[in-house]
Every structure is written in structure tokens, then in C-alpha cells.
Amino acid sequence: MDAIDRRILRALHRNARLTNAELAEEVGLSASPCWTRVKRLEAAGVIKGYVAILDQAALGLPDTVIIEVMMERHDEESLRRFEQAVTEMPEVVEAWLVTGEYDYVIKAAVGGTAGYERLLREKLYRLPGVRHTRSSFTLRNLKQVWTPAP
């Protein structure tokens, strides 16, 4: 990856809806070499995809809660079942297996404390193997990017 590739990535990072012509102009290339570079970056997996970022408040889910989950057991089957169930929950926008006191950290979009309680009682607490959770509501998002800029 060279400096031109990095300029392409920075431009797409700022605005993934640029046309190839706009992108080429921004990075100082003609359209054909720009398109070839973008396709090469996609094929190499550097560009994993393009998404529409939705406003979660407009979807009726204005609050974000961070939930730490401690499991009772750590056998492969228990972890696999928990992970599968979490990935199928539409409220969960991110989930990580982590080191430390807790086993998982989940970021969920909820509709206030009532939506949070439903997520806990109707979904998370019903999963086998969940021993304990600890949660924090976020107050304000200070920064949100999907990947670091190259």
C-alpha cells in the first residue's frame, strides 16, 4: 500500500459515496487507475464494504448501553451458544469477547430504561450460562468512527 492508496482510503473514510470520478479528482488520479486501485483494495480485503449509518434515535432507540457479561462456564459449547444468541439480537450493535473480570462487553441501542430492562429480562438473562452483568448508560458520544483513518 502506497501513499496514493492511503489518500484513496482517507477520502473514502470521509465519504464512501464519492463517485469514482470525484474520488479520482480528490486523490489526483485519472478515473481508470483510481478504479483499479479501489478494486485492488477491495479484493485485498482492505476495504471490507460500504454501509449506511443509521440514526439510532430516529429508529426509536435513542440510548446506548454498555453491558459487561460474566459467564458461569467457559466451555466451548456455552460460549458458542451465547455468542450465537447475542449476534442475533437486533439491539446489539457491537459485542466483544474480552480479557479481565468480565467475559464479554456488549454495546446495545435501546429505547430508554424500559428497552434496556426488556433486553436484560427477555433476552440476556434467559441465556444459559450468564452469571452476572454490569451496565452503564452512555451520556454523550464524543467520537465515533468505524475504523482508524489511514
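Each chain has its residues counted from 1, running along the sequence as written. Predicted model: local features are reported for residues with pLDDT of at least 70 only, side-chain atom pairs are reported and counted for 80 or more only, and whole-chain, interface and lining totals are derived from all residues. As a rule here, side-chain values come from all non-hydrogen atoms in the structure, and water together with hydrogens is ignored.

Per an unreviewed UniProt entry, the recorded name for the chain is Lrp/AsnC family transcriptional regulator, and the organism is Paeniroseomonas aquatica.

K.L.:
I'm lost on the pattern of salt bridges in this one. Help?
P.N.:
For side chains bearing opposite charge, pairing can occur when the charged atoms are close. Basic side-chain nitrogens of Lys or Arg form a salt bridge, by our definition, when they fall within 4 Å of a carboxyl oxygen of Asp or Glu. Going through the model one piece at a time under the given rule, you end up with 12 salt bridges. For D2, the salt bridge goes to R37, with nearest N and O atoms at 2.9 Å. Taken as a pair, D2 in the segment before α1 (3–14) and R37 in helix α3 (residues 31–43) lie far apart in primary sequence, 35 residues in all. Connected through salt bridges with shared partners, the residues D2, D5, R37 and R40 form a single ionic network. For helices the rule is a DSSP run of H or I covering at least 4 residues; for strands it is a run of E covering at least 2, with both sets numbered from the N terminus onward.

K.L.:
How do you make sense of the packing of aromatic side chains when you look at a structure like this?
P.N.:
The description of an aromatic ring pair uses the distance of the two centres, along with the angle that the planes make with each other. We call Phe, Tyr and Trp rings a pair once their centres come within 6.5 Å, taking the six-membered ring for Trp, and we label the pair stacked below 30 degrees between planes, edge-to-face above 60, and tilted otherwise. Counting across every chain of the model gives two aromatic pairs. Considering the side-chain rings of Y116 and F137, the 5.2 Å spacing of their centres and the 75° angle between planes classify their relative orientation as edge-to-face. With Y116 in helix α5 (residues 112–123) and F137 in strand β4 (residues 130–137), this residue pair connects regions lying 21 residues apart in the sequence.

K.L.:
What exactly am I supposed to notice about the environment of T64 here?
P.N.:
Turning to its location among the elements, T64 is positioned in strand β1 (residues 63–71). The class of T64 is buried, set by a relative accessible area of 13%. Polar contacts involving the side chain of T64 include one to the side chain of Q56, which spans 2.9 Å. Three exposure classes are used, based on accessible area relative to the maximum for each residue type with a 1.4 Å probe and protein chains only: buried under 20%, partly exposed in between, and exposed over 50%. Side-chain atoms alone can form a polar contact between residues adjacent in sequence; in general such a contact is a pair of N or O atoms within 3.5 Å, and within protein one must be able to donate a hydrogen while the other accepts it.

K.L.:
Looking at this structure, I do not really get the side chain of E91. What am I missing?
P.N.:
With respect to the element layout, E91 can be found in the loop between α4 (76–87) and β2 (92–97). Here E91 falls in the buried class, since its relative accessible area comes to 18%. Not counting residues up to four positions away in its chain, the partners in contact with E91 are K107, A108, A109, L119 and K123. We call two residues in contact when some of their heavy atoms are within 4.5 Å.

K.L.:
I keep staring at the pairing of strand β3 (residues 104–110) and nothing clicks. Help me out?
P.N.:
Along any regular strand, the residues point their side chains to alternate faces of the sheet. Among the seven residues in β3, seven count as buried, and that is most of the element. Alternating positions in β3 separate into two faces, Y104, I106, A108 and V110 on one and V105, K107 and A109 on the other, with burial throughout. Here seven bridges tie β1 to β3, and the two strands are oriented antiparallel to one another. Following the sheet pairing, V69 is matched in β3 by Y104. Here five bridges tie β2 to β3, and the two strands are oriented antiparallel to one another. Whether two strands pair comes down to DSSP finding at least two bridges between them.

K.L.:
Can you walk me through the nonpolar core in this structure?
P.N.:
Across soluble globular proteins, you tend to see nonpolar side chains buried next to one another. One finds I67, V69, F82, I106, L124 and L127 to be the most contacted residues of the largest nonpolar core, which totals 20 residues. Contributions of two or more residues to this core are made by β1, α4, β3 and α5. In contact with F82, other than residues within four places in its own chain, are V69, M71, Y104, I106, L124, L127 and V130. By nonpolar core we mean a set of buried residues, namely Ala, Val, Leu, Ile, Met, Phe, Trp, Tyr and Cys, connected to one another through side-chain atoms within 4.5 Å. With 12 residues, the next largest nonpolar core counts L9, A11, L12 and L18 among its residues.

K.L.:
Looking at this structure, how should I read the sheet that holds β2?
P.N.:
Sheets are built from strands that pair by backbone hydrogen bonding, the pairs being arranged parallel or antiparallel. If you trace the four strands from one edge of the open sheet to the other, you get β2-β3-β1-β4, paired in antiparallel fashion. This sheet does not close on itself; its edge strands, each paired only once, are β2 and β4. Looking at each pair of strands side by side, their axes are set apart by 20° on average, direction ignored. Summarising the sheet, β1 and β4 pair through seven bridges and their orientation is antiparallel. Residue pairing for β4: M70 is matched across the bridge by H132. Axis definition: a line fitted to C-alpha atoms, limited for helices to the stretch in contact. Angles are taken between N-to-C directions and run from 0 to 180 degrees. In this fold α4 packs onto β1, β2, β3 and β4, with an angle of close to 20° to the strand it touches most, β3.

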